[in-house]
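# An overview of the molecular structure
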Amino acid sequence: MGKRGPKAQYGTRETNGRLSRKKNDVTKRLTGQLDQDEREMLRTGVEARNKMHGLKPEDCRDVRAGSFVGRLAMTGEITPQQYEAAKVYLEQYHEMAIAVRSPRQPGAIDLNATKGGSGDYENVPKNVAALSAWRAATAAIQDRQNQLKGSGALYAALQYCVLEDQELHHLIGWLREGLNALARHYRIGDKMKAA
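Structure report, in brief. All values derive from a computational prediction rather than experimental measurement. (Residues numbered from 1 in each chain as written. Predicted model: local features only at pLDDT ≥ 70, side-chain atom pairs only at ≥ 80, totals over all residues. Heavy atoms only, no water.)

### Focus on unusual backbone geometry
With a phi angle near 55 degrees, Arg101 is a residue other than glycine that sits in the positive phi range. Mapped onto the secondary structure, Arg101 falls in the loop between α4 (80-99) and α5 (124-147). Take Arg101: its relative accessible area is 41%, and that puts it in the partly exposed class. (Helix = DSSP H or I, 4+ residues; strand = E, 2+ residues; numbered from the N terminus. Buried < 20%, exposed > 50% of the residue type's maximum accessible area, 1.4 Å probe, protein only.)

Here it is, written out as structure tokens:
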């Protein structure tokens, strides 16, 4: 059974027992409460990342720990240039999906969500630019795939590891190859390091 009444508020009190209304005390109380609430909200996510991925608690709060490619970047299995290329590729994919008005990827169900398309119907130049950028990125991947004479799985590695965020360790080699091709295409970092 739960406790009755509001949660007890902590802070400096006046002689009559009320919380202090001095400006410094109120500010201190509010910022402390925000920090405590933020820590409480993040605790579940940090514990889940620690348990699921075996990360150290101090690494769990890093933004990169939220994706498979980010965790690879944290452990040094891919370079920072490759990680940056993966972020740009993912962003271009989302812009292309909006431009062609594709259905949203399955995720958490929100019964209160507004249904319908999310496309920007009037911004034709933006949609054309998004589609041309996506086609250029896929052409760069295809060029590298052709250099490998069809023996690689670059598209599969990028699809599953970057776009769908699945942990498939057997595709890391092909993921590196695909991200190197994208890093060269996007001109990210030193060309020798990305190659």
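From this point, things continue past the structure.
### Let's talk about the side chain of Gln82
Its location among the elements puts Gln82 in helix α4. Apart from the residues within four sequence positions on either side, Gln82 is in contact with Arg176, Leu179 and Asn180. (Contact = heavy atoms within 4.5 Å.)

### Quick word on the packing of aromatic side chains
What the rule picks out here adds up to 2 aromatic pairs. Summarising the aromatic geometry, the rings of Tyr89 and Trp134 are spaced 5.2 Å apart at their centres and angled 25 degrees between planes, so their arrangement reads as stacked. With Tyr89 in helix α4 and Trp134 in helix α5, the pair connects residues that are 45 residues apart, well separated along the chain. Comparing Tyr89 with Trp134 shows no difference in burial state: the two are buried. (Phe/Tyr/Trp six-rings, centres within 6.5 Å; stacked < 30°, edge-to-face > 60°.)

### Details of helix α7 (residues 172-186)
In this model, α7 (15 residues) spans 20 Å end to end at C-alpha, consistent with the 21 Å of a helix rising 1.5 Å per residue. All of the buried residues in α7 are Ile172, Leu175, Gly178, Leu179, Asn180, Ala181, Leu182, Ala183 and Tyr186. Looking one or two residues beyond α7, the residue adopting positive phi is Arg187, at roughly 55 degrees. (Expected span 1.5 Å × (residues − 1).)

### Some points on the environment of Asp59
Mapped onto the elements of the fold, Asp59 is located in helix α2 (residues 57-60). Judged by relative accessible area, Asp59 falls into the partly exposed class, the value being 29%. C-alpha of Asp59 to C-alpha of Met74: the two residues are 15 residues apart in sequence and 8.6 Å apart in space. Ignoring sequence-local partners within four residues, the contact set of Asp59 consists of Ala65 and Met74.

### Here we look at the packing of α4 against helix α6 (residues 154-163)
Running from N to C, α4 and α6 point in directions that differ by 90 degrees, and their axes come no closer than 11 Å. Regarding the angle of α4 to α6, the classification is roughly perpendicular. Here Ala86, Tyr89, Leu90 and Tyr93 of α4 come into contact with α6, specifically with Leu158, Val162 and Leu163. Residue composition of the contact of α4 with α6, by class: 7 nonpolar, no polar and no charged. (Axes fitted to C-alpha atoms, helices over the stretch in contact; angles between N-to-C directions. Parallel < 35°, antiparallel > 145°, perpendicular 65-115°, else oblique. Nonpolar A, V, L, I, M, F, W, Y, C, P; charged D, E, K, R; others polar.)

### Thoughts on α4
Here α4 is 20 residues long and its end C-alpha atoms lie 29 Å apart, about the 28 Å a rise of 1.5 Å per residue gives. Where α4 is concerned, the buried positions are Gln81, Gln82, Tyr83, Ala85, Ala86, Tyr89, Gln92, Tyr93, Met96, Ala97 and Ala99. Within two residues after α4, Arg101 carries a phi angle of roughly 55 degrees, on the positive side.

### Here we look at the pattern of salt bridges
Two side chains of opposite charge can pair, provided their charged atoms sit close to one another. Tallied over the entire structure, the rule returns 3 salt bridges. Glu84 is the partner of Lys87 in a salt bridge, and the nearest nitrogen-oxygen pair spans 3.5 Å. Placement of both Lys87 and Glu84 in helix α4 is noted, with a separation of 3 residues, approximately one turn of the helix. We classify Glu84 as partly exposed; its relative accessible area is 33%. Between Glu177 and Arg144 there is a salt bridge, with the nearest N and O atoms lying 2.7 Å from each other. Taken together, the residues span a long stretch of sequence, with Glu177 in helix α7 and Arg144 in helix α5 at a distance of 33 residues. (Salt bridge = Lys/Arg side-chain N within 4 Å of Asp/Glu carboxyl O.)

### Digging into the packing of α6 against α7
Where α6 contacts α7, the two axes come as close as 8 Å, and the packing angle between them is 95 degrees. In terms of orientation, α6 and α7 fall into the roughly perpendicular class. Contacts between α6 and α7 involve Leu154, Ala157, Leu158, Cys161 and Val162 from the former and Trp174, Leu175, Glu177, Gly178, Leu179 and Leu182 from the latter. The residue inventory of the contact of α6 with α7, partitioned by class, reads 9 nonpolar, 1 polar and 1 charged.

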